[in-house]
Amino acid sequence: MHRLAALALLAALIDAGCGGGAEPTTTSRVPPVTSTTVAAATTAASSPTTTTVATTSTTTTSTTTTTTTTISMGVTVCPLPVALPEGTLVFAGGSGDFDGDGTSDDLLTYQVAADNWRLRVIFADGGGADATIEDVMDFAPPRPIGGFDIDGDGTAEAFLTVGAGASTTHVGIFDVAACVVTPVTVNGAHTVFPVGASVGAVSGLSCAGDGIVRRTFAQRTDETTFAGGYEDYTVTGSDLVSQQVVTDALTEEQAGVLGQFDCGGLTLP
Ligand SMILES: [Ca+2]
Ligand SMILES: [Ca+2]
């Protein structure tokens, strides 16, 4: 009896085990989760890759375009100057930033004919600009001095000698703007500032870079006394406009210091 009951119980357990085994199989088949995960991972991995590549090339193109635009708008390139014929008498040596681009440009003077001299500015990028130098003394060829920004606008004005006396050097000033070199004038006449000193007279030129150009002068009145002072000019474009003249009686020592050329670090050649 016990044996039969045990067999019946075993048979019942086996039957129940086979029927319940179908459940876990179904549960583990919930693979929708697995396949969804794979599909999502694949999509997510390929999407960003494609997007990143597209973004990179767009940025590069945009950067290149911007740079080109800046170059074409920010720099004015002056025409290349005509090559000087072989044998041309040339004086070089002065420099300054005449176009305000932060690079040093060169100055030179050259002779076209016996009484025809010209000033040339050669910009750092190779372009140039020329102007005729008038009021030149035959025995004193004009020579470049260099550049100094007398009005503080960021571009240097060109200084050169335009002649010389027994004890003085004559200094001329040219304005350089938009590839054009223009003589700086006073009352319509080209600037010619004598600098130097003789026994009886003293003259000088100074500029502080604040838009004021000062001409100094003194004339001996007797053995120990001079009459002299200064005249201040303001700069308007390429014109110097006289603002004031101050004169007084000076000692020989006071007059002596007026005979200087004092514009930045420029020195007479
Ligand atoms: Ca320059
Ligand atoms: Ca200037």
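Bear in mind the structure is a predicted one, so any value in this text is a computation, not a measurement.

Peer 1: It is not clear to me how the coordination of the calcium ion (ligand 1) should be interpreted in this structure. Could you clarify?
Peer 2: Only Asp97 (OD), Asp99 (OD), Asp101 (OD), Thr103 (O), Thr103 (OG1), Asp105 (OD) and Asp105 (OD) from the protein reach the calcium ion (ligand 1) as donors, at distances of 2.2 to 3.1 Å. Between consecutive donors of the calcium ion (ligand 1), the numbers of intervening residues give the motif D-x1-D-x1-D-x1-T-x1-D. Looking at aspartate 105, the relative accessible area reads 0%, which means it is buried.

Peer 1: So what exactly am I meant to see when it comes to the coordination of the calcium ion (ligand 2) here?
Peer 2: Ideal geometry at a metal gives 109.5 degrees between four tetrahedral donors and either 90 or 180 degrees between six octahedral ones. Those protein atoms acting as donors to the calcium ion (ligand 2) are Asp149 (OD), Asp151 (OD), Asp153 (OD), Thr155 (O), Glu157 (OE) and Glu157 (OE), and they sit at 2.3 to 2.7 Å. Around the calcium ion (ligand 2), the six donor atoms are arranged such that angles at the metal cover 51 to 171 degrees; this shape is classified as irregular. Of the residues examined, glutamate 157 reaches a relative accessible area of 1% and is grouped as buried.

Peer 1: Please clarify how the sheet that holds strand β1 (residues 90–96) should be interpreted in this entry.
Peer 2: The strands making up a sheet are joined through hydrogen bonds of the backbone, oriented either antiparallel or parallel. The strand order across the open sheet formed by four strands is β1-β2-β3-β4, and the pairing between neighbours is antiparallel. The open sheet terminates on both sides in strands that have one partner only, identified here as β1 and β4 (128–133). Taking the axes of each pair of neighbouring strands and ignoring which way they run, one obtains an average angle of 25 degrees across the sheet. Here strand β2 (residues 105–113) pairs with strand β3 (residues 116–122) via seven bridges, running antiparallel. Directly across from tyrosine 110, in β3, lies its bridge partner arginine 118.

Scoring rules and cut-offs
- Residues numbered from 1 in each chain as written.
- Chains lettered and ligands numbered in written order.
- Predicted model: local features only at pLDDT ≥ 70, side-chain atom pairs only at ≥ 80, totals over all residues.
- Heavy atoms only, no water.
- Donors = N, O, S within 2.8 Å, 3.2 Å for Na, K, Ca; no water.
- Buried < 20%, exposed > 50% of the residue type's maximum accessible area, 1.4 Å probe, protein only.
- Tetrahedral: all angles 85-135°; square planar, octahedral: opposite > 155°, others 65-115°.
- Pairing = 2+ DSSP bridges.
- Helix = DSSP H or I, 4+ residues; strand = E, 2+ residues; numbered from the N terminus.
- Axes fitted to C-alpha atoms, helices over the stretch in contact; angles between N-to-C directions.

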